[in-house]
Amino acid sequence: MESVFGLVGKDFAIVAADTSAVHSILVHKTNEDKIMLLDSHKLMGASGETGDRAQFTEYIQKNVALYQFRNGIPLTTAAAANYTRGELATALRKNPYQVNIILAGYDKEIGPSIYYIDYIASCHKLDKAAFGYGSYFALAMMDRHYRRDMTIEEAIELVDKCIIEIRSRLVVAPPNFIIKIVDKDGAREYAWRQSIKDSPVPAA
Amino acid sequence: MARYDRAITVFSPDGHLFQVEYALEAVRKGNAAVGVRGSDTIVLAVEKKSTPKLQDSRSVRKIVNLDDHIALACAGLKADARVLINRARIECQSHRLTIEDPVTVEYITRYIAGLQQKYTQSGGVRPFGLSTLIIGFDPHTGTPSLYQTDPSGTFSAWKANATGRNSNSIREFLEKNYKETSGQETLKLAIRALLEVVESGGKNIEVAVMTKEHGLKQLEEAEIDAIVAEIEAEKAAAEAAKKGPSTKET
């Protein structure tokens, strides 16, 4: 089952997500990137129904870009989070999106922040958040070890602890994870944690 | 003739759509705008009519970007421009969402021209009173393009063009002086063309340069002043060379 979790550090925010794409009992691929770059300083990690996830996150990304062109300045993380929640809420009583989102962003005046937005459109600003069966383990780990103002090394250590816990304790644990970070220099990929690598295809 | 311009869906007996022609008149009254295409740079320069002292000039941007790689300048009714620009910006993102590719310059030009044409063939509406100059780089091949649209909904690609006030004189100048340029030379050509009809000085023109690497860059007043000074110096030198070859011999 899919896991997404994130936490806020000293002047950065981290989001980690598993990279499995599953349909019933079949694993389609083990390197699916579920953390989308919303704009230069925002990350959106999403889990849930595959089609809904792709459709909804891309839709939010394009609308965030449109806002920037129309208004000449980027959306703040809080504004983007509330916009996302609003779109989920509008669709909820008609045709709900089954997508859970962890939105991480860096604003110049405010610093890093993450928002927990679940599929029934609740939105919470948090220091640490997690979705999926993995959340039982990730949240427990983070509750135990998380401190305010962690450095990047400390935060990655905690993320790794969560990943190890998920891998060892979850019955259908996803083998690979991707970690992305957002700070004053922007949003970018930080690292992969792979326990299954795609075997190289032999040449013809 | 007066009977054939009330509802624009009506042709006149000699085949004119008068509302469209009147819209072109509105364009001719708008501020001058010039576009020049270089090999790696495209420049838009627009006349800035004197800003009232109390107005915040930063809120009056005449050259806007539609997407990371596309920009637009126009001449004519600015309120109509806001509507077209908004629709074009939405279309740029919508295209990225459905096609998963940025628009080409030709696509968005065709879209804007299509919108302008729609309003010449509908009941109870008037055409958009503006012509646009659209610049951009092809997202895949990187080739630069400059397109122009007008109220009738026609569009075509140009190496250099002008629209708005005195556009004919500017176009004449461009036809005489156009050559393949790049970088700073393209910028100077565009400003020289605009200076043919506009009072010289950084506060009377708005200039923006688009390159493949850096997208659209609006020039500061000081930068424009510097280039204008360079152009005037070159002009003065050319005049002096023409007038007195004897003074050059030592």
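Quick notes on the rules
Throughout this description, residue numbers start from 1 for each chain and increase along the sequence as written. By the order in which they are written, chains take letters starting at A while ligands take numbers starting at 1. Where totals are concerned, whole chains, interfaces and linings use all residues; where local detail is concerned, this predicted model gives features only for residues with pLDDT of at least 70, and gives and counts side-chain atom pairs only at 80 or more. Heavy atoms throughout the structure, all of them, feed into the side-chain values; hydrogens and water do not. Under the DSSP-based scheme used, a helix requires at least four consecutive residues in state H or I and a strand at least two consecutive residues in state E, with every element numbered from the N terminus. Computation of the radius of gyration draws on C-alpha atoms alone. For the globule rule, the value is 2.2 Å times the number of residues to the power 0.38. The buried label goes to any residue with under 20% of its type's maximum accessible area, the exposed label to any with over 50%, and the partly exposed label to all in between, with areas taken from a 1.4 Å probe on protein chains only. Here, two residues are considered to be in contact whenever any of their heavy atoms come within 4.5 Å of each other. Only the protein chains shown count as cover for residues, with accessible areas throughout obtained via the Shrake-Rupley method and a probe of 1.4 Å. When charges are counted, Lys and Arg contribute as positive and Asp and Glu as negative, whereas His and the chain ends are disregarded. Note on charges: their place is set at NZ of Lys, CZ of Arg, CG of Asp or CD of Glu. All axes here are fitted lines through C-alpha atoms, helices being fitted over the stretch that makes contact, and every angle between N-to-C directions spans 0 to 180 degrees. Should an angle lie under 35 degrees it is considered roughly parallel, over 145 roughly antiparallel, and from 65 to 115 roughly perpendicular; all remaining angles are considered oblique. By convention the crossing between two helices is left-handed if the near helix lies anticlockwise of the far one by an angle smaller than a right angle, and right-handed if it lies clockwise. Note that Gly is not counted as nonpolar here; it falls among the polar residues with everything else outside the nonpolar set of Ala, Val, Leu, Ile, Met, Phe, Trp, Tyr, Cys and Pro and the charged set of Asp, Glu, Lys and Arg. Whether two strands pair comes down to DSSP finding at least two bridges between them. Here's the idea: put two parts together, see how much 1.4 Å probe accessible area each one loses, and the total over both is what we call buried area. Within this document, salt bridges are pairs made up of a side-chain nitrogen of Lys or Arg and a carboxyl oxygen of Asp or Glu, the two lying within 4 Å of each other. Under the rule applied, a polar contact is a pair of N or O atoms within 3.5 Å (in protein, one hydrogen donor and one hydrogen acceptor; residues adjacent in sequence only if both atoms are side-chain atoms). Among the buried residues, those of types Ala, Val, Leu, Ile, Met, Phe, Trp, Tyr and Cys that are joined through side-chain atoms within 4.5 Å form a nonpolar core. Think of it this way: a Phe, Tyr or Trp ring, Trp meaning its six-membered ring, pairs with another when their centres are within 6.5 Å, and the plane angle makes it stacked under 30 degrees, edge-to-face over 60, tilted otherwise.

J.: Please clarify how the overall build of chain B should be interpreted in this entry.
T.: Across its full length, chain B holds seven helices and ten strands. Its C-alpha atoms give chain B a radius of gyration of 20 Å, near enough to 18 Å, the size a compact globule of 250 residues would have. Taken across its 250 residues, chain B has 46% of its residues classed as buried. A fraction of 63% describes how many contacts in chain B between residues 6 or more apart in sequence connect residues 24 or more apart. Carbon and sulfur atoms make up 51% of the accessible area of chain B, which totals about 13000 Å². For chain B, the centre of its 33 positive side-chain charges and the centre of its 33 negative side-chain charges are spaced 5 Å apart.

J.: Whenever I open this one, the overall build of chain A confuses me. Can you help?
T.: Along its length, chain A carries four helices and twelve strands. Taking the principal axes of the C-alpha coordinates as reference, chain A spans close to 50 × 40 × 40 Å. In chain A, which comprises 204 residues, the proportion classed as buried is 47%. Long-range pairs, those at least 24 residues apart, make up 58% of the contacts in chain A between residues at least 6 apart in sequence. Total accessible area on chain A is roughly 10400 Å²; 52% of this is exposed by carbon and sulfur atoms.

J.: What's the story with the packing of helix H1 (residues 50–71) of chain A against helix H2 (residues 77–92) of chain A in this structure? I'm lost.
T.: Two quantities define a packed helix pair, namely the angle between the helix axes and the distance between the axes. Residues and elements named next belong to chain A. At their nearest, the axes of H1 and H2 sit 11 Å apart, and the two run at 130 degrees to each other. As far as their axial angle goes, H2 and H1 are oblique. Between H1 and H2 the crossing geometry is right-handed. Residues Phe56, Tyr59, Ile60 and Asn63 of H1 form the contact with H2, whose own contacting residues are Tyr83, Thr84, Glu87 and Leu88. Tallied by class, residues from the contact of H1 with H2 come to five nonpolar, two polar and one charged.

J.: For this particular structure, what's the right way to read the pairing of strand S9 (residues 205–211) of chain B?
T.: Side chains on a regular strand alternate between the two faces of the sheet. Residue and element names in this part refer to chain B. Of all the seven residues making up S9, seven are buried; the element is thus mostly covered by neighbouring parts of the structure. Covered by surrounding structure in S9 are Ile205, Val207, Val209 and Thr211 together with Glu206, Ala208 and Met210, the residues of both alternating faces. Of the pairings in the sheet, the one linking S9 to strand S10 (residues 215–218) comprises four bridges and is antiparallel in character. Along S10, the bridge assignment pairs threonine 211 with glycine 215. Following S9, the chain reverses through three residues before pairing antiparallel with S10.

J.: Help me understand the sheet that holds strand S8 (residues 160–163) of chain B, please; the structure alone is not making it clear to me.
T.: Within a beta sheet, neighbouring strands are joined by backbone hydrogen bonds and run either parallel or antiparallel to one another. All names here are of chain B. Sheet architecture is open: five strands sit in the order S8-S1-S2-S9-S10, paired in antiparallel fashion. Where the open sheet ends on each side, the last strands, each with one partner, are S8 and S10. Sheet twist, expressed as the mean angle between neighbouring strand axes with direction ignored, is 15 degrees. In the sheet, strand S1 (residues 33–37) pairs with strand S2 (residues 41–47) via five bridges, with the strands oriented antiparallel. By the bridge assignment for S2, arginine 37 is matched with isoleucine 42. In the packing of helix H4 (residues 167–177) onto the sheet, the strands contacted are S1 and S8, and the crossing angle to S8 comes to about 165 degrees.

J.: Would you mind showing me how to read the interface of chain A and chain B here?
T.: Put simply, an interface is often sized by how much accessible area is lost when its parts join up. Chain A puts seven residues into the contact, and the matching count from chain B is eleven residues. Both faces considered, chain A and chain B share a buried interface measuring about 900 Å² in area, 61% of it formed by carbon and sulfur atoms. Among the residues chain A hides against chain B, the three largest losses belong to Lys62(A), Phe69(A) and Arg70(A). Together they make up 68% of the total. Scanning the region where chain A abuts chain B turns up zero salt bridges. Linking chain A with chain B are two residue pairs in polar contact (both at pLDDT 80 or more).

J.: Explain unusual backbone geometry here, please?
T.: Across the chain, the bulk of peptide bonds are trans and the bulk of non-glycine residues have phi less than zero. The phi dihedral of Ser24(A) falls on the positive side, at around 60 degrees, and the residue is not glycine. Here Ser24(A) lies in the loop between strand S3 (21–23) and strand S4 (26–29). The residue Asn166(B) is not glycine, and still its phi comes out positive at about 55 degrees. Looking at where Asn166(B) falls in the secondary structure, it is placed in the loop between S8 and H4.

J.: Which parts of the structure should I look at to understand the nonpolar core?
T.: Where a protein is soluble and globular, its nonpolar side chains tend to be buried together. Residues and elements named next belong to chain A. Within the largest apolar cluster, 38 residues are counted, with the highest numbers of intra-cluster contacts made by Phe5, Ile14, Met142 and Val159. Counting only elements with at least two residues in this core, the list comes to strand S1 (4–8), strand S2 (12–18), strand S7 (99–107), strand S10 (128–131), helix H3 (134–145), helix H4 (152–169) and strand S11 (177–183). It is H4 that contributes the most residues to this core, seven residues altogether. Setting aside anything within four residues of it in sequence, one finds methionine 142 in contact with Phe5, Gly6, Leu7, Lys128, Ala129, Ala130, Leu158 and Cys162.

J.: Quick question: what am I supposed to make of the packing of aromatic side chains here?
T.: To describe a pair of aromatic rings, you give the distance between the ring centres and the angle between the ring planes. Residue and element names in this part refer to chain B. The full count for this structure, using the stated rule, is five aromatic pairs over all chains. Between the aromatic rings of tyrosine 119 and phenylalanine 128, the centroid separation amounts to 4.7 Å while the plane-to-plane angle is 55 degrees, which identifies the pairing as tilted. For tyrosine 119, a relative accessible area of 27% puts it in the partly exposed group. The class for phenylalanine 128 is buried, based on a relative accessible area of 7%. Centroid distance tyrosine 147 to phenylalanine 155: 6.2 Å. Interplanar angle 50 degrees. Geometry classified as tilted. For tyrosine 147, a relative accessible area of 13% puts it in the buried group.

J.: I'm lost on the side chain of Asn161(B) in this one. Help?
T.: Residue and element names in this part refer to chain B. Locating asparagine 161 in the fold gives a position in strand S8. A residue is classified by how much of its surface remains accessible, and asparagine 161, at 1% relative accessible area, is buried. Among the polar contacts made by the side chain of asparagine 161, one reaches the side chain of glutamine 148 at a distance of 3.4 Å. A distance of 2.8 Å separates a polar atom in the side chain of asparagine 161 from a polar atom in the side chain of arginine 171.

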